[in-house]
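Listed here are the chains, written in short residue letters.
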Amino acid sequence: MEVQKANRFHQWKYPVVIGLMLTGLVFSKWLLSVSQFFLLFAVLSDKTSRKKLTEAFQSPLVLSLISIYVMHLAGMLWTSDMKYGFKDLQNKLPMLALPVLFYAAGPLKKNTSIHLLLFFTFNVFLLSAVSLMNYYLSPETTKHIVIGQSHIRFSLLICLSIIILIHFSDLKYKWYIYTIIPVIAFLLFFLFILESFTGYVVLVFLLFALPLIYYDFIRKRKWRFILPLIMLAVFTLALTGFLNVKNSCFPKPKESNFSTLPKQTINGNYYIHDTISLLSENGYYMYINLSVPEMIPAWNNRSKLKIDESDSTSAERINILTRYLTSKGLSKDSAGVMQLSKKDIKNIEQGYSNYLLPDFDPYRKRIYRFLWELHYYNMTGDPSGHSLTQRFEYWITAASIIQQHPAFGCGTGDINNAFKQQYQKNNSKLKKEYRLRSHNQFLSITVALGFAGLLVFVFSLAAPFLFRKIPDYKLYLGFIFIFLLSLLNEDTLETQVGVTFYALFNSFLLFILPNKNKSENEKARAEN
């Protein structure tokens, strides 16, 4: 009896622990951390895994994967801020631990591995469904729609889930056959309303990459006719939505003879006409026919959401009101406010800065913000508060730091201080609260570790292909494609969820997912 219990424990310990990690990745950072300790205990609990644990450090692939962590460890030698350096090493610890532990755990049975991946997609589906219900029952800003998760990180989990579901579309389970299309459709819908630009970009690129990855599968089936039509439809809809927003909200401003502008409002108050700032909404200039002292009292008489100029939020509310009135071609005074409908008042109270926005779908809303940020940056040169154009400033600043420390960077722990100092040297227009790191993982690594570190990082990414140690080539390509795209506009490896997303799935797809032939590890366990 005791032997049976022990065998059952060893049979289920890895699926259970890895399942906890996958659940933690979606729902709980605490569970994500604790489950990694459980994995260590599981590896140490049997002879075969302990033996493979020592063998891991002799595996060229494992050593290649952990080389970037070792490089960060070496970067402490030329770091002055040791406290931040050790914090960064702690954050990136999964990049060292998980390849080693997953190698020691060895391949699981094929069905068990597939079920774990499907279990992950179920978790992503569940959080999406719960978040969507919460969103409609108590609407919040779109950025916070996912409960307990960054919308950018979660968009990557959604894209990976879709890849997994498509990859295993030939499973014979009846429940899977009937649910796969509705689940994929729901995840696509949720990604759509999430308004994650990163998610949109990854999805579009996947749409064009999948036919290449699964060419052999597609060319033998009716999908070879359907998929090109889907790609054409998506491209057409995306382009149509973009052009709709561009032509409606950002047309060439209507010609205006500034010399003939009225000097006073109908109440005798003087207008401000800023003819230097050419910011516009829907083709109307924002800062002409502007009388803020007259506009605010008129607004307070019509809205329950008062504007108090002594309040720190008043500037933002005044800006929204000004832009909304501009979008309708109204003067920014009491007369303009009085011409607003009750629906307009409600829209402004909800934070809409353009009267067209409430009728836009999530994709066009995101395109509007994208184009507004570019328009504002082009007109003012100030990227503050705008996620897209702030990245331009981050990248420029990162490039300046790299020029000063090209070979080995500024050190693992000094990257934050280096950015702070460089922003000041560059006289950056970015406000202090927006002065962040590069938001590009390749640049972040080069800033910290120089081109030497970048070469090590690229080598660690290429190692599975160089050593030809990928059990399921197509599924791995889908995962690494998503991960690489995320590196271009995010510091993916600087957050717990981001670094664990990479380390967990990279290690799982290389060491847990089995080859077609029975693994040596399974044979060894059978003998024990």
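Counting restarts for each chain, with residues numbered from 1 along the sequence as it is written. Per-residue local features are limited, in this predicted model, to residues with pLDDT of at least 70; the limit for side-chain atom pairs, both in listing and counting, is 80 or more; totals at the level of whole chains, interfaces and linings are taken over all residues. Water and hydrogen atoms were dropped before computing side-chain values, which therefore reflect all heavy atoms in the structure.

Student: Explain the pattern of salt bridges to me, using residue names and the numbers behind them.
Tutor: Salt bridge criterion: a side-chain nitrogen from Lys or Arg within 4 Å of a carboxyl oxygen from Asp or Glu. Taken as a whole, this structure holds nine salt bridges when the rule is applied. In this structure, Asp46 engages Lys13 in a salt bridge whose closest nitrogen and oxygen atoms are separated by 2.4 Å. With Asp46 in the loop between helix H2 (29-44) and helix H3 (47-56) and Lys13 in helix H1 (residues 2-27), this residue pair connects regions lying 33 residues apart in the sequence. Per-residue accessibility, obtained with a 1.4 Å probe over protein chains only, is compared with the maximum for each type, and a residue is labelled buried under 20%, exposed over 50%, and partly exposed between these values. Residue Asp46 is classed as buried on the basis of its relative accessible area, which comes to 8%. In the salt-bridge network here, residues are joined through shared partners; they are Asp88, Lys92, Arg437 and Glu494. The helix count covers DSSP runs of H or I at least four residues long, the strand count covers runs of E at least two residues long, and both are numbered beginning at the N terminus.

Student: How would you sum up the packing of aromatic side chains? Please name residues and give values.
Tutor: Planes of paired rings set the category: under 30 degrees apart is stacked, over 60 is edge-to-face and the rest tilted, where pairs are Phe, Tyr or Trp rings (Trp by its six-membered ring) whose centres lie within 6.5 Å. Following the criterion strictly, the structure yields 24 aromatic pairs and no others. Ring centres of Tyr135 and Tyr136 lie 5.3 Å apart, and the angle between their planes is 65°; on these two criteria the pair is classed as edge-to-face. In our convention, an over-ring charge means Lys NZ or Arg CZ found within 6 Å of a ring centre and within 35 degrees of that ring's normal. A cation over a ring is seen here: Lys52 above Tyr103, with NZ or CZ 4.7 Å from the ring centre. Taking the ring centre of Trp372 as reference, the NZ or CZ of Arg323 above it sits at 3.7 Å.

Student: Break down the nonpolar core for me, with residues and values.
Tutor: The term nonpolar core refers to a set of buried residues drawn from Ala, Val, Leu, Ile, Met, Phe, Trp, Tyr and Cys, joined through side-chain atoms within 4.5 Å. Counting 106 residues, the largest nonpolar core has Phe102, Phe120, Phe154 and Phe505 as the members making the most contacts within it. If one sorts the elements of this core by residue count, helix H22 (residues 496-512) sits on top with 12 residues. We call two residues contacting when some pair of their heavy atoms lies within 4.5 Å. Beyond its immediate sequence surroundings of up to four residues, Phe154 is in contact with Val26, Val124, Leu127, Ser128, Val146, Gln149, Phe190 and Leu194.

Student: Give me the lowdown on a nonpolar patch on the surface, citing residues and values where you can.
Tutor: To count toward a patch, a residue needs a relative accessible area above 30% and no salt bridge. Like charges then connect within 9 Å, nonpolar side chains (Val, Leu, Ile, Met, Phe, Trp, Tyr) within 5 Å. Shrake-Rupley sampling with a 1.4 Å probe provides the accessible areas, and residues are treated as covered by the protein chains on show and by no other component. Side chains of Phe27, Phe119, Phe122, Leu126, Val130, Met133, Leu137 and Ile147 sit close together on the surface and give an oily, nonpolar patch of about 740 Å² of accessible area. Its location among the elements puts Met133 in helix H7 (residues 110-137). Judged by relative accessible area, Met133 falls into the exposed class, the value being 51%.

Student: Go over the environment of Val62, please, and point to the residues and values.
Tutor: Along the chain, the position of Val62 falls in helix H4 (residues 60-74). For Val62, a relative accessible area of 0% puts it in the buried group. For the pair Val62 and Phe511, spaced 449 residues apart in sequence, the C-alpha separation works out to 9.7 Å. Those residues in contact with Val62, other than ones at most four positions away along the chain, are Ala56, Pro99, Val100, Tyr103 and Phe511.

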